[in-house]
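# A structural walkthrough
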Amino acid sequence: MQASYIVNVELPEVRVEQIKSQARQATSTYPFPHYQNRVQPLPIVRLSIGLPIYRMANYRTRAEQLTYIREKNKPRDFFENGQENQSTQQKQHDILFTFAQKGSGGSVVPIADVLQESSQHEPILITSDGVVVNGNRRLSAMRELYNNGKEEFGHIDCMVLPEYATTDEIREIEVRLQMTPQTLLPYDWICEGIAINELIQMGMPKDKVSDLLRKRPVDLENHILALQHAELFLADRLGKPGDYAEILEKEQMFGDMAKGLKTKESDDLEASRHIAYILTENSGNLGRRVYDYKGAFGPDSKEVIESLARRLDVTLTPTPVEPDPQLIFEIDNEDENNNEAPMSYTPMIDILKDKSRSADLADEITDIYDAMRNARDDRTAGQHALRKVREANARLMEVDLTRADRGTYEAIRQQLESINRKVNDLQTQLARM
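The written sequence of each chain sets the order in which its residues are numbered from 1. Only residues with pLDDT of 70 or above have their local features reported here, since the model is predicted, and side-chain atom pairs are shown and tallied only from 80 upward, although totals for entire chains, interfaces and linings are computed over all residues. Hydrogens and waters are ignored; side-chain quantities use all the structure's heavy atoms.

## Some words on the layout of surface pockets
- Cavities and pockets were defined on a 1 Å grid built over protein atoms only: a cavity is a set of grid points that admits a 1.4 Å probe from which the probe cannot escape, a pocket is an open set flanked by protein on both sides within 12 Å along at least five of seven lines, and lining residues are those with an atom within 4 Å of any such point. Grid points are joined across faces, edges and corners, and a volume is the space filled by probe spheres set on the points. In this structure, the second largest pocket spans a volume of roughly 630 Å³.
- Where the lining of the second largest pocket is concerned, the elements lending two or more residues are helix H2 (62-71), strand E5 (131-134), helix H6 (167-178), helix H7 (189-201) and helix H9 (217-237).
- Classifying every residue of the lining of the second largest pocket by side-chain character gives 12 nonpolar, 6 polar and 9 charged. Helix and strand definitions here come from DSSP, where helices need a minimum of 4 consecutive H or I residues and strands a minimum of 2 consecutive E residues; each element is numbered from the N-terminal end. Residue polarity is assigned by list, with Asp, Glu, Lys and Arg as charged and Ala, Val, Leu, Ile, Met, Phe, Trp, Tyr, Cys and Pro as nonpolar; anything else, Gly included, falls into the polar class.

See below:
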């Protein structure tokens, strides 16, 4: 269903006066537990459906906002500075109503459908000047339903935060209410990553962010790194900075990049990152899940890069190493051989950056990695017999008959005879081989 409601933005002073007047006369309150770490009774006011305005800093809509800015060539601050602007509020309404019509999985009914069948059950949360902190989707759905004849949504209930609530406090409230695992319609991984970065930039300690989002510290760190790799991919590889719609469905791939590239540095990091980019670009044509090739830019990257260089007839040379002026003893030849300089991957990095070769390079990389995997499987299979014989021998060495129950003697004898026959068969096969 397309949005049809027309947003009209009242002047801030008009909103403030109406809300303040009603808050003074409020006869009911809502016990709100997410402000300043204690339950606070917030006054409930009843406002015209057109009075509140959407909060532009809403994390749920951030990715869609950035995509719209890029597609329509709007100023970077189109939404950020457009909270009082009617055309910006209208676009935010359209985005929010799209979300209001979405469910989560097969069990959660979209907000718009719920409100179609019932009335408002919980007041939306607004600031003292009428900006919606929690309930933006609900407001968009109620406005559309009102516009289509559901008269009961002509006025809505709102609980009002104190006028001294700060921007940082409001941001934290949104996170507490919207981004915990209990949220019916989860935030996508990009919006969550943007929120994490902003919370940290505003000075919130990482351990508090971790507690707030109920994420382990290591998962929080990986999420930050995944978004960084995604943003580099969009800007450097695709030339589409901020166009998050391009990578919305690639959460696992960028999560794998965060883990696989975390400990790399210098040439290995740069080359591995571009291998990951190539696999991401060609993920639909690999013949396997792209997940199966994460080792190609992770622990096996050096072997992949050097194999690819040989295939492409690219000569790799050791990275020049400056002598250490503080070294006060000579290193003998044997030590020098044991401390060879790492290879410079600069020639390969230039090739991997060439987007015109992306599809061909993806074929080469996956072929190399498949061959590596098959070779490992062969080596594993070749060692299988020896491993099993060693295991059997170790188990037999542990047998202590002096501690066995007399009732098990006959069963033990039968088992030993069976083992003896198997050993004789194996020795005969081995002699023939």
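## So, the confidence of the model for the protein chain
- Mean pLDDT for the protein chain: 86, with 90% of residues reaching 70 or above.
- For every residue, the pLDDT score states the predictor's confidence, bounded by 0 at the bottom and 100 at the top. Per-element mean pLDDT across the protein chain ranges from 47 in helix H13 (residues 333-337) up to 96 in strand E3 (residues 53-54).
- Between residues 328-338, whose pLDDT stays under 50, and residues either more than four places distant or in other chains, the model counts 1 contact. Residue contacts are counted whenever heavy atoms from the two residues lie within 4.5 Å of one another.

## Notes on the pairing of strand E2 (residues 38-48)
- In the sheet, strand E1 (residues 29-35) pairs with E2 via 5 bridges, with the strands oriented antiparallel. From the neighbouring strand, threonine 29 faces E2, where its bridge partner is proline 43.
- Counting the residues that bridge the hairpin from E1 to E2 gives 2 residues, and of these glutamine 36 lies at a positive phi of roughly 55°.
- Bridge count between E2 and strand E6 (residues 155-160): 5 bridges; the pairing is antiparallel. Pairing of leucine 47 across the sheet is with isoleucine 156, part of E6. Whether two strands pair comes down to DSSP finding at least two bridges between them.

## Description of the sheet that holds E1
- Taking strand neighbours across the sheet as the criterion, the 6 strands line up as E1-E2-E6-E4-E5-E3 in an open arrangement whose pairing is mixed. The strands lining the two open edges of the sheet, one partner per strand, are E1 and E3.
- Looking at chain direction, strand E4 (residues 124-126) and E6 are connected through 3 bridges and run parallel. Along E6, the bridge assignment pairs isoleucine 126 with valine 160.
- Each of E3, E4, E5 and E6 is contacted by helix H5 (residues 136-147), which is oriented at about 120° to E5, the strand it contacts most. Between N-to-C directions, angles cover 0 to 180 degrees, with each direction set by a line fitted to C-alpha atoms, over the stretch in contact for helices.

## Considering the nonpolar core
- In this text, buried Ala, Val, Leu, Ile, Met, Phe, Trp, Tyr and Cys residues form a nonpolar core when linked through side-chain atoms within 4.5 Å. Only protein chains enter the accessibility calculation, which uses a 1.4 Å probe; a residue whose area is less than 20% of its type maximum is buried, one above 50% is exposed, and one in between is partly exposed. Counting 82 residues, the largest nonpolar core has Tyr244, Ile247, Ile275, Leu279 and Ile365 as the members making the most contacts within it.
- Beyond its immediate sequence surroundings of up to four residues, isoleucine 365 is in contact with Ile275, Ile278, Leu279, Ala296, Val304, Leu308 and Leu352.

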